[in-house]
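The residues making up each chain are set out below.
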Amino acid sequence: MKDPETRTVFAGLDGRSDAQVPDWYAKQKPVDEPVAFTEAIRELPRAIETTVAYQNPYSDEWVETERFNAIVEPSRIREQSQGEDTIEPLFHIPTDSYAIINPVDVYGPLEEVLYGETIDGTALGEVMFGEIRQYRTGGEVHMDIMFDGLEVRLPGRSEPITMGVTSGYDFFGEHAVYVEGFAQDGYCSNSMRSLTDKEVIKHVGDVQNFRTWWEGILEQVELVANDLFEFIRDAQEIEIDFTEMPFSVAEFYELLGFPDYLADRAAGDAEANAANPFEIDMWTLHSGATYALTHFFQGKEGASLDQYVRLANDILFNPEGTIERVEQAYEEELEGDDDGAQRSLAGERALASIERVSEDLQEKVDQFEEREDSLRERFQDAMA
């Protein structure tokens, strides 16, 4: 991802917490002293409205308008008025239907919830940690919030997959306030995103009870933590024999829709971590995709990343759909190929090989679908 202008690592909710970041995370994000979450949130730039005017070119007069409002950072406005050098205070000039939602509006209610929710009797606020990333002079913010102990442990791995949420917003009218389930694999530093439905609140004045909102979201994350191990275990039992496939591992990712540079990185990681680089299971293929997205994605956080995250997650949570997508993409490539009957015959044999993989999946499909349907139903109950 594009490097943020500012990174802030935090641990613990506030000054009452004696939290530290886990060792595996400290190796990834070395800082002398992480700050408390409440302190980090209150140091983020905030926004206020101020009047907008336009200049009449005939009279040189400035005419105020109520149809638009300037969204500005108040401390920078003050510094500017005093003649100090400061960062540009203007974020955006939206219509008057835009409603400002400041960081404390969103994350203040989360602070209340975190001392009520517990893991093994310990408040989540005591075990929270993560990172806040600022872009565009703090007008766009994304953060990962994790909870030490809310985790999935896989056999043979010393480090857990730690669960939490990723959240963010901006003041430019592009990113509504959002939150979704998130996890980080301490074994390989890969980020697993979009593990729950993305919950969104737009800047349109219809701001609901954020405390209730957060309670439902955290319940969803706990549900995923309970089921993720089962999804991973099942995916480890589904292998693709690439010696029988008409494409390489990198081409598998390309057929799914990953650009070449990500497909190459994903394939390299999957092959390196597979017990047999020619027979790779769906969990390892998923892990290869998250490796590429975590460490080599060249776009921005947001929609450009989300589309590839969905592809990666389907490898784990919807293996049948993944194989169908690859098969369809390969078939479309064949239809566009004019190399004659010999190539057509080879293509038919190749499609038959892919179809066999799909048929082998059938006995697992019902199990995946039942688990996903059950999880989706519990998500809905959590947000009701």
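Residues numbered from 1 in each chain as written. Predicted model: local features only at pLDDT ≥ 70, side-chain atom pairs only at ≥ 80, totals over all residues. Heavy atoms only, no water.

## Quick notes on the sheet that holds strand β2 (residues 48–55)
No. 1: Read across the sheet, 3 strands follow the order β2-β3-β4 without closing on themselves; strand pairing throughout is antiparallel. The sheet terminates laterally at β2 and β4 (90–92), the two strands that pair on one side only. Mean inter-strand twist for the sheet, computed between neighbouring axes without regard to direction, equals 60°.
No. 2: Bridge count for strand β3 (residues 62–72) against β4 is 2 bridges, and the pairing is antiparallel. In the strand pairing of β4, Val72 is matched with Leu90. (Pairing = 2+ DSSP bridges. Helix = DSSP H or I, 4+ residues; strand = E, 2+ residues; numbered from the N terminus. Axes fitted to C-alpha atoms, helices over the stretch in contact; angles between N-to-C directions.)

## Overview of the side chain of His142
No. 1: Relative to the elements of secondary structure, His142 occurs in strand β8 (residues 140–152).
No. 2: There is a polar contact of 2.7 Å between the side chain of His142 and the side chain of Tyr178. (Polar contact = N/O pair within 3.5 Å; in protein donor to acceptor, adjacent residues only side chain to side chain.)

## A few points about the nonpolar core
No. 1: If you look at the biggest cluster of nonpolar residues, it comprises 96 residues, and the most contacted ones within it are Phe37, Phe147, Trp214, Phe252, Tyr253, Phe258 and Leu285.
No. 2: At 12 residues, helix α6 (residues 210–236) tops the list of elements feeding residues into this core.
No. 3: Non-local contacts of Phe252, meaning those with residues more than four positions away in its chain, are made with Ile240, Phe242, Phe247, Leu285, Ile315, Thr322 and Val326.
No. 4: Among the nonpolar cores identified, the runner-up in size contains 9 residues, and Ala11, Trp24, Tyr25 and Phe182 belong to it. (Core = buried A, V, L, I, M, F, W, Y, C linked by side-chain atoms within 4.5 Å. Buried < 20%, exposed > 50% of the residue type's maximum accessible area, 1.4 Å probe, protein only. Contact = heavy atoms within 4.5 Å.)

## Structural notes on the pairing of β3
No. 1: Sheet analysis places β2 next to β3, joined by 8 bridges and oriented antiparallel. Bridge assignment links Glu49 to a residue of β3, and that residue is Ile71.
No. 2: Following β2, the chain reverses through 6 residues before pairing antiparallel with β3; Asp60 in that reversal takes a positive phi of roughly 65°.

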